[in-house]
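Residue-level structure breakdown
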Amino acid sequence: MKFLGNDMITLEDGVLKIDGYDARELAERYGTPLYVMSESQIVRNYRAYEDAFREYEKKTGKDFILCYAYKANANLAITRLLSKLGGGADVVSGGELYIARLSKVPPEKIVFNGNCKTEEEIVMGIENNIRAFNVDSISELILINRIANEMGAVANVAFRINPDVDPKTHPKIATGLKKSKFGLDVQSGMAMKAVKMALEMDNVKVVGVHCHIGSQLTDLSPFEEETRKVMDFVVELEREGIKIEDVNLGGGLGIPYHKDREVPTPYQLAEVIINTMMEYQDKVDLPNLLLEPGRSIVGTAGVLLAKVHHIKETPYGKWVMIDAGMNDMMRPAIYDAYHEIVPCVFREEREVVNIAGGLCESSDVFGRDRNIPKVKVGDILAILDVGAYGISMANNYNGRGRPRMVLTSEKGVYIIRERETYGDLIAKDIVPGYLL
Ligand SMILES: Cc1ncc(COP(=O)(O)O)c(C=O)c1O
């Protein structure tokens, strides 16, 4: 079988290996459910962007900055690895900013997104002198200016525009359509109004234009349309005498969840974006280019190992019950997302099964009608491509601790997140004295 995008996975004599480590042994040693993150795969994914977009720097003399989207996976070991590789950070909360600083990301490589930044978060961003707040509303702009004034500071702001581009992805992860909650509408003049207001303010500096149209995009044409709409806005601003230093096109590149469907690579994305940007070289002084990929950096690098505890045959199908559940990995339950599921030992005989977690929810199903090599109770299954929006969306529903996570690297296997205990489940609960 093909492991599109998962270069770290090999099948040796029918046994699944991750970065050369026998997946069954990892499950045995570290317990299940277990997230396994491959350092080599993250590095490859990151370097593909750096290599591909170096061309932009060569052609324009401007910078390319990759701000890794922390929401995809903000485990400290992962964020530190990416920071060591030279990556910046796209954060959407005080918590993610805290992790970015702990990961030693230089402030000039941190951008702050989100449509409901709090006063506390704005103070934190200003204190850290981040590269830009990607401003989502006029109300937010006014607040940033007020807080910066109180702090005797000047905050860098970029404007998140809503370009009304259809990203052709799942509706729940489309973010740049005109009815979406995100961004400042360009067509109605709202975005221009916000920029002009900012120019009249003493405590903000206009540095950029930002946009993010959605996630898991497998077609490059929306990126081209997005780039054009953003650059048209930059031209409009320049006509008004407003010069833009940074253009941030967000994240969104998809990954091959279906192992028989190729998706565009960062190189193909770079070609489309750079060619489109270059069309504007006679109209404006081209800006620095920022991107905020998340999924395409860490998604393919993660595998969730789970043990088969029960097999149930009904007149309507066979159910394989595993010890990972939707609390560990929500994507199938909330987006009907497809993830490849394979056993760690490939037997010759195959069968069609449904694979489910143990939570009391009918949506706790990882795959239906999957034709996979036959499995038995005690076997380990591997759910692929869970490195993004897996552990970061995990929760304690049904009284289950979040799973352990290990990093496979050339140096060995490292636990990078401990399994939560029963004690962790109630650590923040308080019983009033009268109930004791
Ligand atoms: C503003 C912003 N930037 C970047 C990303 C990362 O997107 P992806 O993981 O698809 O690359 C997201 C994800 O939703 C986002 O909302």
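Residues numbered from 1 in each chain as written. Predicted model: local features only at pLDDT ≥ 70, side-chain atom pairs only at ≥ 80, totals over all residues. Heavy atoms only, no water.

**Notes on the sheet that holds strand β3 (residues 21-22)**
The strand order across the open sheet built from three strands is β1-β2-β3, with neighbouring strands paired in antiparallel fashion. Looking at strand neighbours, the two that pair on one side only are β1 (9-12) and β3, the edges of this open sheet. Strand direction decides the pairing type here: strand β2 (residues 15-18) and β3, joined by two bridges, are antiparallel. Directly across from Lys17, in β3, lies its bridge partner Asp22. (Pairing = 2+ DSSP bridges. Helix = DSSP H or I, 4+ residues; strand = E, 2+ residues; numbered from the N terminus.)

**Description of the site of the ligand**
The local shell around the ligand holds 14 residues, among which Ser215, Gly252, Glu292, Arg295 and Tyr389 are the closest. The contact in question runs from a nitrogen atom of the ligand to an N or O atom on the side chain of Asp90, over 3.2 Å. Within the backbone of Arg295, an N or O atom sits 2.8 Å from an oxygen atom of the ligand. For the ligand, whose free accessible area comes to 400 Å², the fraction covered by protein is 92%. Its residues assigned to classes, the shell around the ligand comprises three nonpolar, six polar and five charged. (Near = heavy atom within 4 Å. Polar contact = N/O pair within 3.5 Å; in protein donor to acceptor, adjacent residues only side chain to side chain. Areas by Shrake-Rupley, 256 points an atom, 1.4 Å probe, with all protein chains shown as cover. Nonpolar A, V, L, I, M, F, W, Y, C, P; charged D, E, K, R; others polar.)

**A word on the pairing of strand β6 (residues 88-91)**
Burial along β6 is two-sided: Gly88 and Asp90 and Ala89 and Val91, pointing in opposite directions, are all buried. Pairing of strand β5 (residues 64-69) with β6 involves three bridges; the strand directions are parallel. When the bridges of β6 are listed, Ala69 appears paired with Asp90. Of the strand pairs in this sheet, β6 and strand β7 (residues 110-112) are connected by three bridges, and their pairing is parallel. By the bridge assignment for β7, Val91 is matched with Phe112. Regarding the hand of the β-α-β motif, the stretch spanning β6, helix α4 (residues 94-102) and β7 is right-handed. (Buried < 20%, exposed > 50% of the residue type's maximum accessible area, 1.4 Å probe, protein only. Right-handed = clockwise from strand over helix to strand, strands pointing away.)

**As for the packing of helix α7 (residues 190-199) against helix α8 (residues 221-239)**
It is the contact of α7 with α8, at a shortest axis distance of 11 Å, that shows an interaxial angle of 45°. In this view, α7 runs oblique relative to α8, as classed from their interaxial angle. In the crossing of α7 with α8, the sense of the turn from one axis to the other is right-handed. Between α7, through Ala191, Met192 and Val195, and α8, the contact on the second element is made entirely by Phe233, Glu236 and Leu237. (Axes fitted to C-alpha atoms, helices over the stretch in contact; angles between N-to-C directions. Parallel < 35°, antiparallel > 145°, perpendicular 65-115°, else oblique. Left-handed = near helix turned anticlockwise from the far one by under 90°. Contact = heavy atoms within 4.5 Å.)

**Topic: a nonpolar patch on the surface**
On the surface, Val431, Tyr434, Leu435 and Leu436 cluster together to form a nonpolar patch covering roughly 540 Å² of accessible area. With respect to the helices and strands, Leu435 occurs in the segment after α12 (422-426). (Patch = residues over 30% accessible without salt bridge, like charges linked within 9 Å, V, L, I, M, F, W, Y side chains within 5 Å. Salt bridge = Lys/Arg side-chain N within 4 Å of Asp/Glu carboxyl O.)

**Quick word on the domain arrangement of the protein chain**
Taken as a whole, the protein chain is organised into domain 1 (9-38 + 299-426) and domain 2 (62-293). Between domain 1 and domain 2, the C-alpha centre-to-centre distance is 33 Å. Residue-level contacts link 21 residues of domain 1 with 15 residues of domain 2. Of the roughly 1500 Å² buried between domain 1 and domain 2, counting both surfaces, carbon and sulfur atoms make up 60%. Our count for the contact surface shared by domain 1 and domain 2 stands at one salt bridge. Between Asp385 and Lys259 there is a salt bridge, with its nearest N and O atoms 2.7 Å apart. There are seven residue pairs in polar contact (both at pLDDT 80 or more) connecting domain 1 and domain 2. Listing elements by their share of the side of domain 1 that touches domain 2, those giving two or more residues are α11 (331-335), β20 (404-409) and β21 (412-417). The element that contributes the greatest number of residues to the side of domain 1 that touches domain 2 is α11, accounting for three residues. Looking at side-chain class alone, the side of domain 1 that touches domain 2 contains eleven nonpolar, six polar and four charged residues. (Domains from an automatic or database assignment. Buried area = accessible area lost by both parts, 1.4 Å probe.)

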